[in-house]
Amino acid sequence: MAAFVMGVLNVTPDSFSDGGRFFSVAGAVAQGRWLAAAGAGIVDVGGESTRPGAEPVEPAEELRRVLPVVSALAADGIGVSIDTRHAEVAEAAVAAGATIVNDVSAGDDLMAVAAAGGAGYVAMHAQGPPATMQHDPRYDDVVGEVHGFLAAAAGRAREAGCRQVWVDPGIGFGKTREHNVSLLAALPELVDAGVPVVVGASRKGFLGALTGGAAPLNRLEASVAVATWAFSCGVAVVRAHDVAETVQALHLVALEAA
Ligand code: HH2
């Protein structure tokens, strides 16, 4: 399967790097079109920030934010994934044209929605909910535990009937800097397990820590470096805010990609 870039489109007031920038329907649709034009294979629309410390958003409000954007982009023929933890949001987004359910909670209810709607499904690992996940994340063996969790989640998604399944180690979701680096170093093993892999490290906090305190918008080079590493390991999808720059890197390391 060819590798591709998943462009991030946060229709939120509070996302960690782009909160409020694409909060209007018109602004979000324009950004989604730009991400597609820049080479995103799919645009990942989310209406709830899952940054560390984020408060949950009611599904009704999340729907109000994302549905018009999903509908408009899908009507343009742009591939859309829905980034949500809520089954009712996933269900409505798939009905409006989203073709992948991107689930940071790896929940059975969202797997069932993806299967029923004929959508693909991304199962991501997280330790704890966003509000508390970075308080004190602990593992005996982070790589073994995350890979084991993902194998089980992929099995459940297939049993539920999902037509295409990806797994994602969940960089920054209940992980210290060392946990994130260990998981990135172990990407070749995760790829070898045979389920296509998604990685989302774009602009995340551990990159700030590793680059002497760079602010989220100043983490472009670090983000592209991690994307390049991921693609060279055989990862199928990299989730990125800076799509044009990431696609350029992808073309250097995965020349068969579209
Ligand atoms: N990270 C975020 C959101 N969704 N989905 C997958 N599959 N993998 C990820 O690593 C991932 C994700 C968090 O990033 P972002 O959307 O930029 O921020 P926020 O949650 O603050 O909106």
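Bear in mind the structure is a predicted one, so any value in this text is a computation, not a measurement.

Definitions and limits used
- Residues numbered from 1 in each chain as written.
- Predicted model: local features only at pLDDT ≥ 70, side-chain atom pairs only at ≥ 80, totals over all residues.
- Heavy atoms only, no water.
- Near = heavy atom within 4 Å.
- Polar contact = N/O pair within 3.5 Å; in protein donor to acceptor, adjacent residues only side chain to side chain.
- Areas by Shrake-Rupley, 256 points an atom, 1.4 Å probe, with all protein chains shown as cover.
- Helix = DSSP H or I, 4+ residues; strand = E, 2+ residues; numbered from the N terminus.
- Nonpolar A, V, L, I, M, F, W, Y, C, P; charged D, E, K, R; others polar.
- Pairing = 2+ DSSP bridges.
- Contact = heavy atoms within 4.5 Å.
- Axes fitted to C-alpha atoms, helices over the stretch in contact; angles between N-to-C directions.
- Buried < 20%, exposed > 50% of the residue type's maximum accessible area, 1.4 Å probe, protein only.
- Salt bridge = Lys/Arg side-chain N within 4 Å of Asp/Glu carboxyl O.
- Core = buried A, V, L, I, M, F, W, Y, C linked by side-chain atoms within 4.5 Å.
- Expected span 1.5 Å × (residues − 1).
- Bend = angle between axes of the 7 residues up to and from the residue.
- Parallel < 35°, antiparallel > 145°, perpendicular 65-115°, else oblique.
- Left-handed = near helix turned anticlockwise from the far one by under 90°.

## A look at the site of the ligand
Argument step 1. For the ligand, the set of nearby residues contains 18 residues, the closest of which are Ser-15, Ser-49, Thr-50, Asp-168 and Lys-204.
Argument step 2. Between the ligand and the protein, one listed contact pairs an oxygen atom with a side-chain N or O atom of Ser-15 at 2.5 Å.
Argument step 3. Starting from 480 Å² of accessible surface for the ligand in isolation, the protein chains cover 99%.
Argument step 4. At the level of secondary structure, the elements contributing two or more residues to the shell around the ligand comprise β1 (4–10) and β5 (120–124).
Argument step 5. Partitioning the shell around the ligand into residue classes produces six nonpolar, seven polar and five charged.

## A closer look at the sheet that holds strand β6 (residues 165–168)
Argument step 1. Pairing is parallel across the open sheet formed by eight strands, whose spatial order is β6-β5-β4-β3-β2-β1-β8-β7. Either end of the sheet is taken by a strand with one partner, and the two such strands are β6 and β7 (198–199).
Argument step 2. Packing against the sheet, helix α10 (residues 243–253) makes contact with β1 and β8 (237–240), and its axis sits at approximately 170 degrees to β1.

## Looking at helix α4 (residues 108–117)
Argument step 1. For α4, the set of buried residues is Leu-110, Met-111, Val-113, Ala-114 and Ala-115.
Argument step 2. Where the residues of α4 are buried, they touch α3 (87–95), β4 (100–103), β5 and α5 (142–160).
Argument step 3. Directly beyond the C-terminal end of α4, a positive phi value near 70 degrees is found at Gly-118.

## Some details on the pattern of salt bridges
Argument step 1. What the rule picks out here adds up to 10 salt bridges.
Argument step 2. Residue Arg-51 is joined to Asp-14 by a salt bridge in which the shortest nitrogen-to-oxygen separation is 3.2 Å. Separated by 37 residues along the polypeptide, Arg-51 in the loop between β2 (42–46) and α2 (59–75) and Asp-14 in the loop between β1 and α1 (25–37) bring together distant segments of the chain.
Argument step 3. Between Arg-33 and Asp-76 there is a salt bridge; the shortest N-O distance is 2.5 Å. With Arg-33 in helix α1 and Asp-76 in the loop between α2 and β3 (80–83), this pair connects stretches of sequence that are 43 residues apart.
Argument step 4. Assessed through its relative accessible area of 42%, Asp-76 is described here as partly exposed.

## Describing unusual backbone geometry
Argument step 1. Within the chain, Ala-106 stands out as a residue other than glycine whose phi angle is a positive 45 degrees.
Argument step 2. As for its position among the elements, Ala-106 is in the loop between β4 and α4.
Argument step 3. Using a relative accessible area of 5% as the deciding quantity, one classes Ala-106 as buried.
Argument step 4. Phi is positive for Arg-203, close to 60 degrees, though the residue is something other than glycine.
Argument step 5. When you line up the elements, Arg-203 lands in the loop between β7 and α8 (205–210).
Argument step 6. A residue is classified by how much of its surface remains accessible, and Arg-203, at 8% relative accessible area, is buried.

## Considerations on the nonpolar core
Argument step 1. Judged by nonpolar contacts, the single largest core of 71 residues is most densely connected at Leu-9, Val-45, Leu-73, Val-101, Tyr-121 and Leu-187.
Argument step 2. For this core, the element with the highest residue contribution is α5, accounting for seven residues.
Argument step 3. Sequence-distant contacts of Leu-187, that is, excluding residues within four places in its chain, are made with Pro-169, Val-197, Val-199, Trp-229, Ala-230, Cys-233 and Val-235.
Argument step 4. Ile-100, Trp-166, Ala-236 and Val-237 belong to the second largest nonpolar core, which has nine residues in total.

## Comments concerning the environment of Gly-144
Argument step 1. Note on placement: Gly-144 falls in helix α5.
Argument step 2. With 39 residues separating them in the primary sequence, Gly-144 and Leu-183 have C-alpha atoms 9.5 Å apart.

## Description of the environment of Ala-249
Argument step 1. You can see Ala-249 is positioned in helix α10.
Argument step 2. Note on Ala-249: relative accessible area 10%, which makes it buried.
Argument step 3. In contact with Ala-249, other than residues within four places in its own chain, are Val-224 and Thr-228.

## Description of α2
Argument step 1. An ideal rise of 1.5 Å per residue puts 24 Å on 17 residues; α2 measures up with 23 Å between its terminal C-alpha atoms.
Argument step 2. The axis of α2 is deflected most strongly, by about 35 degrees, at Val-66, and proline Pro-68 appears within four residues downstream.
Argument step 3. Within the sequence span of α2, burial applies to Pro-59, Glu-62, Arg-65, Val-66, Val-69, Val-70 and Leu-73.
Argument step 4. Of the surrounding secondary structure, the elements contacted by the buried residues of α2 are β1, α1, β2, β3 and α3.
Argument step 5. One or two residues past the end of α2 sits Gly-77, with phi positive at roughly 85 degrees.

## So, the packing of α3 against α4
Argument step 1. Between α3 and α4, the least distance of the axes is 9 Å, while the angle of their chain directions is 15 degrees. Relative to α4, the element α3 is oriented roughly parallel. Crossing of α3 over α4 shows right-handed handedness. Seen from α3, the contacting residues are Ala-87, Ala-90, Glu-91 and Val-94; seen from α4, they are Asp-109, Leu-110, Val-113 and Gly-117.
Argument step 2. Here the residues of the contact of α3 with α4 are counted per class, giving five nonpolar, one polar and two charged.

Any functional reading would require information that these geometric values do not contain.
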